[in-house]
Amino acid sequence: MIIYQCRSCRTVLGTFADGESRIEALLETLTPEERDTIIEQVGDNRMVYVLCEHCQDALNRHPELYDLTSPLQ
Ligand SMILES: [Zn+2]
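Cut-offs and rules
- Starting afresh in each chain, residues are numbered from 1 along the sequence in its written order.
- A pLDDT threshold of at least 70 governs which residues receive local features in this predicted model, and a stricter bar of 80 or more applies before side-chain atom pairs are shown or counted, although totals over entire chains, interfaces and linings include all residues.
- Secondary structure counts use DSSP, requiring at least four H or I residues in a row for a helix and at least two E residues in a row for a strand, with both numbered from the N terminus.
- Residues with at least 20 neighbouring C-beta atoms inside 10 Å of their own are called buried, those with 12 or fewer are called exposed, and the rest are partly exposed, where every C-beta is derived from the backbone.
- Remark: residues whose backbone-derived C-beta atoms lie within 7 Å of one another are considered to be in contact.
- For two strands to count as paired, DSSP must find a minimum of two bridges between them.
- Axes, fitted as lines to C-alpha atoms, cover a helix only where it is in contact. Angles between the N-to-C directions of the axes lie from 0 to 180 degrees.

As named in an unreviewed UniProt entry, the chain is Fin: required for the switch from sigmaF to sigmaG during sporulation, taken from Candidatus Carbonibacillus altaicus.

Structure follows, in structure tokens:
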């Protein structure tokens, strides 16, 4: 399972089956560094940490509240 979760508020944004071509293709476009940063293997699942709309909005308004170099904190 591939689980998209907001890295800020921890809301689960969506889950996808392993091998779903649309998602795999998307993950393929990431650089190795990006993959290391936003993808974490947890048991059988792959967590993909992104920002939900709400947090993206808050980030745009208050970038000082977010440390982009430490997305997992
Ligand atoms: Zn969020």
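**Student:** Where do I start with the overall build of the chain in this structure?
**Tutor:** Helix and strand counts for the chain come out as three helices and four strands. Evaluated residue by residue, the chain yields a buried proportion of 3% over its 73 residues. Long-range pairs, those at least 24 residues apart, make up 51% of the contacts in the chain with a sequence separation of at least 6.

**Student:** For this particular structure, what's the right way to read the sheet that holds strand β1 (residues 2–6)?
**Tutor:** The strands making up a sheet associate through hydrogen bonds between their backbones, and the pairing can be parallel or antiparallel. Strand order in the open sheet formed by four strands is β2-β1-β4-β3, with mixed pairing between adjacent strands. If you trace the sheet from one side to the other, it starts and ends with β2 (12–16) and β3 (39–42), each paired once. Ignoring which end each strand starts from, the neighbouring axes of this sheet average 25° apart.

**Student:** It is not clear to me how the environment of I23 should be interpreted in this structure. Could you clarify?
**Tutor:** As for its position among the elements, I23 is in helix α1 (residues 21–28). The class for I23 is partly exposed, based on 17 C-beta atoms found within 10 Å. As a C-alpha pair, I23 and I2 span 21 residues in sequence and 8.5 Å in three-dimensional space. In contact with I23, other than residues within four places in its own chain, are I2 and F16.

**Student:** Sorry if this is basic, but what is going on with unusual backbone geometry here?
**Tutor:** Of note, the phi angle at R10 is positive, near 70°, even though the residue is not glycine. Along the polypeptide, R10 turns up in the loop between β1 and β2.

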